[in-house]
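Chain by chain, the residues run as shown.
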Amino acid sequence: MGPVFEDLEAQQHEWLRREVETEAADHTRAERARVHLGDRLAADVGRTLRVRVSGVGPVVGTLVDVGPDWLLLHDAQRREQQESLVLTGALRSVEGLTGRVDERPRRRSLRQALRAVSRDRAPVRIHDREGDHLSGTIDRVLADHLDLARHADDEARRSAAVRGTVSVPYAAVSMLRRL
């Protein structure tokens, strides 16, 4: 073969190499486009994260559990370990993720997580997406809202202590903290 054919063959090899690289890059981008935030969060259970939450601001804690529409953080910095249930729809940013992915299905819904809190009869503070909050004990967990018996933070839920009941739509909630 003469130099012209060798040059054409080298060009063809280079063209094929670039085509393979382009296909690999396209495949990688397509794979990344299917990764959901919840899948990344689930892979990092046990890590300390800093999240920004609508109406609340920054929250730092150890990621304990992840549901399809919520995540649970423990704040070990406080006197008692404080739990914060954050609705993923209220997340504004997450710092501290590794980039790993866990695509296993997460089945415990927000209602199931809230029912567990309700069964404990733990006093809670519910933060809304506009920056306000309500305190009390969850009495009922319903299809799209919960009923909160309002009472002082330092009082147990007793009939005499309840100042009223308020219904809170889940769409308004950004975070719930056990007190």
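Everything below is about the structure printed above this text.
Model, not experiment: these values are computed from the prediction.

The rules behind these values
- Residues numbered from 1 in each chain as written.
- Predicted model: local features only at pLDDT ≥ 70, side-chain atom pairs only at ≥ 80, totals over all residues.
- Heavy atoms only, no water.
- Pairing = 2+ DSSP bridges.
- Helix = DSSP H or I, 4+ residues; strand = E, 2+ residues; numbered from the N terminus.
- Axes fitted to C-alpha atoms, helices over the stretch in contact; angles between N-to-C directions.
- Contact = heavy atoms within 4.5 Å.
- Patch = residues over 30% accessible without salt bridge, like charges linked within 9 Å, V, L, I, M, F, W, Y side chains within 5 Å.
- Areas by Shrake-Rupley, 256 points an atom, 1.4 Å probe, with all protein chains shown as cover.
- Salt bridge = Lys/Arg side-chain N within 4 Å of Asp/Glu carboxyl O.
- Lys, Arg positive; Asp, Glu negative; His and termini not counted.
- Charge placed at Lys NZ, Arg CZ, Asp CG, Glu CD.
- Buried < 20%, exposed > 50% of the residue type's maximum accessible area, 1.4 Å probe, protein only.
- Core = buried A, V, L, I, M, F, W, Y, C linked by side-chain atoms within 4.5 Å.

1. Looking at the sheet that holds strand E4 (residues 82–87)
No. 1: The 10 strands are arranged E5-E1-E2-E3-E4-E10-E6-E7-E8-E9 in an open sheet whose pairing can be described as antiparallel. Edge strands, defined here as strands with exactly one partner in the open sheet, are strand E5 (91–95) and strand E9 (164–169). Adjacent strand axes in the sheet meet at a mean angle of 40° when their direction is disregarded.
No. 2: Summarising the sheet, strand E1 (residues 48–53) and E5 pair through 4 bridges and their orientation is antiparallel.

2. A look at the side chain of Thr137
No. 1: With respect to the secondary-structure elements, Thr137 resides in strand E7 (residues 133–141).
No. 2: For Thr137, the residues in contact, after removing those within four places along its chain, are Arg121, Ala122, Pro123, Asp147, Leu148, Ala149, His151 and Arg157.

3. A closer look at a positive patch on the surface
No. 1: The grouping of Arg108, Arg111, Arg115 and Arg119 at the surface amounts to a positive patch.
No. 2: Of note, Arg115 is situated in helix H3 (residues 110–120).

4. Side note on the pattern of salt bridges
No. 1: Counting across every chain of the model gives 10 salt bridges.
No. 2: Residue Asp102 is joined to Arg104 by a salt bridge in which the shortest nitrogen-to-oxygen separation is 2.6 Å.
No. 3: Among the residues examined, Arg104 registers a relative accessible area of 60% and is labelled exposed.

5. Points about the nonpolar core
No. 1: Counting 18 residues, the largest nonpolar core has Leu85, Leu114, Ile126, Ile138, Leu146 and Leu176 as the members making the most contacts within it.
No. 2: Looking at this core, the elements with two or more residues in it are strand E3 (70–75), E4, H3, strand E6 (123–128), E7, strand E8 (145–150) and strand E10 (173–178).
No. 3: Among the elements that make up this core, the one with the highest residue count is H3 (4 residues).
No. 4: Apart from the residues within four sequence positions on either side, Leu114 is in contact with Leu85, Ile138, Val141, Leu146, Tyr170 and Leu176.
No. 5: Within the second largest apolar cluster, 14 residues are counted, among which are Leu41, Val66, Leu71 and Ala90.

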